[in-house]
Amino acid sequence: MKTVYTCFCTEMIHEGHRNILRHASQYGRVIVGALSDRALIRYNRFPSIPQEDRIKLYRSLEGVDNVVLQDDMGYEDVLSLIRPDYVIHGDNWKTGPEAAIREQVLQKLKAYGGELIEVPYTSNAHTRKIDRQLREKLAMPEYRRKRLRQLIGICPVVKAIEAHSGLTGLIAEKTIIEQDGQLDQFDAMWVSSLCDSTAKGKPDIELVDMSSRLRTIDDIMEVTTKPIILDGDTGGMAEHFIYNVRTLERMGVSAVIIEDKKGLKKNSLFGNDVIQTQDDIESFSAKIRAAKQAQLTEDFMIIARIESLILERGMEDALTRAAAFVEAGADGVMIHSRKKDPAEILDFCDRFRKTDKTTPLVVVPSSFNTITEAELAAHGVNIVIYANQLTRSAFPAMQKTAEDILRFHRAKEVDDRLMPIKEIITLIDEL
Ligand code: SPV
Ligand code: MG
């Protein structure tokens, strides 16, 4: 008997999936590939039920003979293993980032004489509603909050990009690329104090208060589902920080990173060019301890950011602080540097990992930007934050447009580099 293979990534079955199965069973024995969690998060959306449960769900469906785990978005490995006579898929993958995967499947099938069957993609009010419900579920605080910890468990390295508005949130949420037959996207968002302040035309000195920062987070949350890491600056007074932790948890923020500085905070990238005071270990540890005490969920993370390398206090100081802050209850450590050379960051990571194999490590490669995510992961880094690149790319583009409109007394000359009105209006989802 012939075999037919199809890959599912859903956790709610609708008539589109049933239609695929109905068609498939006309050609032979049906094997369904369940896309693994690891592959799924690179592809379209985060699973809200574990892969074991998705496998069980697919097994229970009429017309399914067998279910296997597909651990890669590309079909190369699974097709080599199963060598099905047919692969069946909806025709929606002919365009968009998935087109490259389709091409790969066609090549592979051609190589051994298999065939691709494409059925018209089912899109109606009911299937669209199910898709929307699945997405909305992920935006709920109880799902969003725990997603960062889940990602740390699944991904070799979690990639976060800066967001400071609904629009930048949408870019973080929706940007997806295809490269060498794989799809990729960001895992999380970083609500940077620098970019949030800059967007409001204010300096990065904890002048933009928590109410305003919460407003920014809410704007981002309204239109996204990915987890949020808040740049909490110094955390302020411990007596205030504990209340803010509760608020952030309730909203569904996944983590707050606070830095071991006190007094008037200046941006770290100034280093010692400005006066910045590091908090002492006891006082910062007490702040962490109080916040961990106040926290109500298991999901939320309080991450301690160490400024010793920024302030040139030395590696030993950084390592001593890291151990002390973990001891005080910190759920992760962020180490920062403004050197172009990543050597001191890597040295810290290696030495930290000698004694601590598990506490998540976070880095922000703004200055040491030659290093890749894979290299950082190889040194034990769990989260890489691209902290300000969206703001730094948008700002000069807007400035140049404004200058050119002034120069030419009309907008025609700038039009070529603008996103068409048609595109910008479709960027925003309507209910
Ligand atoms: C931010 O993005 O606001 C940060 C990272 O705190 S840095 O600007 O590098 O200090
Ligand atoms: Mg900051």
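Residues numbered from 1 in each chain as written. Chains lettered and ligands numbered in written order. Predicted model: local features only at pLDDT ≥ 70, side-chain atom pairs only at ≥ 80, totals over all residues. Heavy atoms only, no water.

**Some remarks on the sheet that holds strand 6 (residues 158-162)**
The eight strands lie next to each other as 6-9-10-11-14-15-16-17, forming a closed barrel whose pairing is parallel. Taking each pair of neighbouring strands and ignoring which way they run, the sheet shows an average axis angle of 25 degrees. Judged from the three bridges that link them, strand 9 (residues 188-191) and strand 10 (residues 228-231) form a sheet pairing that is parallel. Among the inter-strand pairings, Met189 is bridged to a residue of strand 10, identified as Ile228. Against the sheet, helix 14 (residues 343-355) touches strand 15 (332-335) and strand 16 (361-363), its axis set at about 175 degrees to strand 16. (Pairing = 2+ DSSP bridges. Helix = DSSP H or I, 4+ residues; strand = E, 2+ residues; numbered from the N terminus. Axes fitted to C-alpha atoms, helices over the stretch in contact; angles between N-to-C directions. Contact = heavy atoms within 4.5 Å.)

**Thoughts on the site of ligand 1**
As a matter of local geometry, ligand 1 sits amid Trp190, Ser192, Ser193, Leu194, Asp231, Asn267, Ser268, Leu269, Arg305, His336 and Ala387. A distance of 2.9 Å separates an oxygen atom of ligand 1 from a polar side-chain atom of Asn267. Protein chains shield 99% of the accessible area of ligand 1, which is 280 Å² for the free molecule. Residue composition of the shell around ligand 1, by class: four nonpolar, five polar and two charged. (Near = heavy atom within 4 Å. Polar contact = N/O pair within 3.5 Å; in protein donor to acceptor, adjacent residues only side chain to side chain. Areas by Shrake-Rupley, 256 points an atom, 1.4 Å probe, with all protein chains shown as cover. Nonpolar A, V, L, I, M, F, W, Y, C, P; charged D, E, K, R; others polar.)

**Quick word on the domain arrangement of the chain**
Under the domain assignment, the chain is made up of domain 1 (3-130), domain 2 (140-387) and domain 3 (393-427). Distance between the C-alpha centres of domain 2 and domain 3: 33 Å. (Domains from an automatic or database assignment.)

**Remarks on the nonpolar core**
In terms of nonpolar packing, the biggest core is built from 50 residues, with Ile217 and Phe348 touching the most fellow members. Residue contacts for Phe348: discarding those within four places in its chain leaves Met315, Ala318, Leu319, Ala322, Val333, Ile335 and Leu361. Among the nonpolar cores identified, the runner-up in size contains 22 residues, and Ile41, Ile152, Ala160 and Ile383 belong to it. (Core = buried A, V, L, I, M, F, W, Y, C linked by side-chain atoms within 4.5 Å. Buried < 20%, exposed > 50% of the residue type's maximum accessible area, 1.4 Å probe, protein only.)

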